[in-house]
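# Coordinate analysis (summary)
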Amino acid sequence: MKAKFIIPLILFVVLIGFLLVGLNRDPHEVPSPLINKPAPAFNVPQLAKPTVSFSPEQMKGQVWILNVWASWCIACREEHPMLIELGKANVAPLIGLDYKDKRPDAIAMLAERGNPYLLSAFDADGRVGINYGVYGVPETYIIDKAGVIRLKQIGPITPEILEKLIYPTIAKLKSE
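Structure report, in brief.

Rules behind the numbers
Residues numbered from 1 in each chain as written. Predicted model: local features only at pLDDT ≥ 70, side-chain atom pairs only at ≥ 80, totals over all residues. Heavy atoms only, no water. Phe/Tyr/Trp six-rings, centres within 6.5 Å; stacked < 30°, edge-to-face > 60°. Helix = DSSP H or I, 4+ residues; strand = E, 2+ residues; numbered from the N terminus. Buried < 20%, exposed > 50% of the residue type's maximum accessible area, 1.4 Å probe, protein only. Disulfide = S-S within 2.5 Å. Expected span 1.5 Å × (residues − 1). Bend = angle between axes of the 7 residues up to and from the residue. Contact = heavy atoms within 4.5 Å. Patch = residues over 30% accessible without salt bridge, like charges linked within 9 Å, V, L, I, M, F, W, Y side chains within 5 Å. Areas by Shrake-Rupley, 256 points an atom, 1.4 Å probe, with all protein chains shown as cover. Salt bridge = Lys/Arg side-chain N within 4 Å of Asp/Glu carboxyl O. Pairing = 2+ DSSP bridges.

### A few points about the packing of aromatic side chains
- Using the criterion set out here, one finds 5 aromatic pairs in the structure.
- Pairing Phe42 with Phe54 gives two aromatic rings, centres 5.9 Å apart and planes at 55 degrees, and the pair type is tilted. Taken together, the residues Phe42 in the loop between α1 (2–23) and β1 (44–45) and Phe54 in strand β2 (residues 53–54) connect sequence positions 12 residues apart.
- The exposure class of Phe54 is buried, given its relative accessible area of 1%.
- Summarising the aromatic geometry, the rings of Trp69 and Tyr117 are spaced 5.7 Å apart at their centres and angled 15 degrees between planes, so their arrangement reads as stacked. Of this pair, Trp69 sits in strand β3 (residues 64–69) while Tyr117 sits in the loop between α3 (103–113) and β5 (119–123), and the two are 48 residues apart along the sequence.
- On the accessibility criterion, Tyr117 (7% relative accessible area) is buried.

### Considerations on the state of the cysteines
- Applying the stated rule across the entire model yields 1 disulfide.
- There is a disulfide in this structure between Cys73 and Cys76, and the S-S distance comes to 2.5 Å. Taking the torsion about the S-S bond as the criterion, the Cys73 to Cys76 disulfide, at about 85 degrees, is right-handed.

### Examining helix α5 (residues 159–175)
- Here α5 contains 17 residues, and its C-alpha end-to-end distance of 23 Å stays within 8% of the 24 Å for a straight helix at 1.5 Å per residue.
- Helix geometry: α5 is bent most strongly at Ile166, by close to 30 degrees, with proline Pro168 lying one to four residues after it.
- Looking only at α5, the buried set comprises Ile161, Leu162, Ile166, Tyr167, Thr169, Ile170 and Leu173.
- Buried residues belonging to α5 abut β3, α2 (74–89), β6 (139–143) and β7 (149–154).

### Some thoughts on a nonpolar patch on the surface
- A grouping of Leu9, Phe12, Val13, Leu15, Ile16, Leu19 and Leu20 is seen on the molecular surface, where their side chains present a nonpolar patch of about 670 Å² in accessible area.
- Inspection of the secondary structure puts Val13 in helix α1.

### As for the pairing of β5
- Judged by how many residues are buried, β5 sits mostly within the fold: 5 of 5 residues are covered.
- Side chains Leu119, Ala121 and Asp123 project from β5 onto one buried face, and the interleaved Ser120 and Phe122 project onto a second face that is buried too.
- Relative to β5, strand β4 (residues 94–99) is paired through 5 bridges, and the arrangement is parallel. Note that in β5 the partner of Gly96 across the bridge is Ser120.

### Looking at unusual backbone geometry
- The omega torsion across Val137 and Pro138 is -5 degrees, close enough to zero to call that bond cis.
- Mapped onto the elements of the fold, Pro138 is located in the loop between α4 (127–131) and β6.
- Of note, the phi angle at Asn36 is positive, near 70 degrees, even though the residue is not glycine.

By themselves these figures say nothing about function.
Okay, structure coming up:
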């Protein structure tokens, strides 16, 4: 009779243990299998110039930032002032990847709020985002001179993330 209650009790305790471990983790620290791996190749049209394409190959030899965003994304709008600051700081080329968006909506958002990007690539169907392991926008990647992903930031960039993570990572990669 006791065995009928012990097994469910043990399973319940194990489940509670998993939940407690999960609650103590930062949801922005999702490990990415792409860290320290070459950035996936792609070639897509630019947002503002649909007849001109963009590929990460064009950025080889320099440290650069890829920011995945969309006009329909509320968190992207919250992040936008930090991207304006990042663009003005000119620490590395800031490339946007407009993800699963409508071209007119994205262009209108940048016209209204300011355009921090050197250029934005247009990922209409989300295939580039899938290859980069995008969980949801915004996400930001720092890619080194050899085209290797060195950092992935999930969620909006905050002033703290900019100062404590983005700027130091870029400075370190530039000095290597």
